[in-house]
Amino acid sequence: MHNNPALIGLLAYILLGLSLCSLRPDSPPEAAVIPVSATLGGDDTEGYQRAYAPRLFEFPADHGPHPDFRTEWWYATGNLADTMGRRFGYQLTLFRVALSPNLPSVDSDWGTRQVYMGHFALTDVAGNQHYGFERFSRAAVGLAGAQAHPFQVWLEDWSFAGAGDTGTLYPLRIQAQEQGIALDITLKPVKPVVFQGDRGLSQKSAEPGNASYYYSYTRLESHGTVQVNGRNYTVSGASWLDREWSTSALGSDQSGWDWFALQLDDGRDLMFYRLRGQDGAMDRHSSGILVDVGGATRKIDAADVKLESQAIWISPETGDRYPSRWRLQVPTEKLDLTISPFIEDQEMRLSVRYWEGAVAVIGTAADKPITGQGYVEMTRYETAP
């Protein structure tokens, strides 16, 4: 969940195929769209580390890669606007996936045990357009990779890059471009890092090890440029950065999730992911966090949240049916929020199909009006084959 459980083990078998294919595939081998739930189970974990217990996070090392785990990602979303108020949303996610813990060494510059996938999206609210792109590459001959000193994660010219050669994460520059759509922004934290779940251990299902190590920066000042069809816009706004690594997540009785990352105008930030059972009900491992103005946190459990869908959007391209407005209540915090997409069609129609987009928030906090913005991700709403 970004958390995702943000697409753990994502496309592992497709990426395994890429280790034997062309240098820089722009799309996966021809195949049906893969249900996200099929890639997130606890199978095929032998030889990898798993997230069993809380650990001591070490920075800057933990900003870099963890190749002993099967999957990890660096994930940023944000809401931006230019000086005239034209609004944009963005997502950039770079995934590292291990092909196997036991691949033999290959005496070649092209040999690698790691492959990378990237998802880049831009929502142009005024233009009522959402653009989504995908890339794949091996971690070989400089095409893709991750390092802590200096901090950088890249997939060709899509990248996260920190400042200096000490491993400092901020200011963090994010860059991506594809087919006349581009993003070049710099992020600086307003609040300190927060650790999700139990001191950074985010348990996703009942089986020990079905968990991730997960930390976030929930509010980042953001400045830079976006480009839409060759036209540049100078923008500013707020972003959210998630880091997760894992080997397995979902149990056999779970089908997908809905993830909410909300920045409220009273200075608080709320993340909640609803894990869904095969029957669509909220799983007890659903979880989240509330971050106050100063960065202090309170863990949110499934029992603390009431979440209901209030409308449905049907994709004209895929026929998939997604919730398109939600009411999210946290009674213990006296929060009652209505969450609506800035535009309905923010479906990512890639090798994994899901909905991820910029949203507006209105509601009440302790019976006083409140607004906000954020991002929502929804997986496993595929229509039956």
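Just above sits the structure.
Keep in mind that this is a model prediction, so the values were computed, not measured.

Peer 1: Got a minute to help me understand the pairing of strand β14 (residues 231–248) in this structure?
Peer 2: Within a regular strand, side chains alternate between the sheet's two faces. Most of β14 sits out of view: 13 of its 18 residues are buried. Bridging between strand β2 (residues 71–82) and β14 involves twelve bridges; their strand directions are antiparallel. Within the sheet, the bridge partner assigned to Asp82 lies in β14 and is Val235. Of the pairings in the sheet, the one linking strand β13 (residues 211–228) to β14 comprises 16 bridges and is antiparallel in character. Across the sheet, Gln227 pairs through a bridge with Asn232, a residue of β14. Adjacent in sequence and paired antiparallel, β13 and β14 are bridged by two residues, among which Asn229 carries a positive phi angle near 50°.

Peer 1: Would you take a moment to explain the pattern of salt bridges for this structure?
Peer 2: Side-chain pairs of opposite charge can arise where the charged atoms are in close proximity. Evaluation of the coordinates by the stated rule reveals 24 salt bridges. Between Glu72 and Arg96 there is a salt bridge; the shortest N-O distance is 2.8 Å. A residue pair is termed long-range when its members are at least 10 positions apart, and Glu72 in strand β2 and Arg96 in strand β3 (residues 87–98) qualify at 24 residues. Summarising the burial analysis for this pair, Glu72 and Arg96 share the class buried. Each of Asp266, Arg268, Arg298, Asp304 and Glu333 takes part in one network of salt bridges that share partners.

What counts, and at which threshold
Residues numbered from 1 in each chain as written. Predicted model: local features only at pLDDT ≥ 70, side-chain atom pairs only at ≥ 80, totals over all residues. Heavy atoms only, no water. Buried < 20%, exposed > 50% of the residue type's maximum accessible area, 1.4 Å probe, protein only. Helix = DSSP H or I, 4+ residues; strand = E, 2+ residues; numbered from the N terminus. Pairing = 2+ DSSP bridges. Salt bridge = Lys/Arg side-chain N within 4 Å of Asp/Glu carboxyl O.

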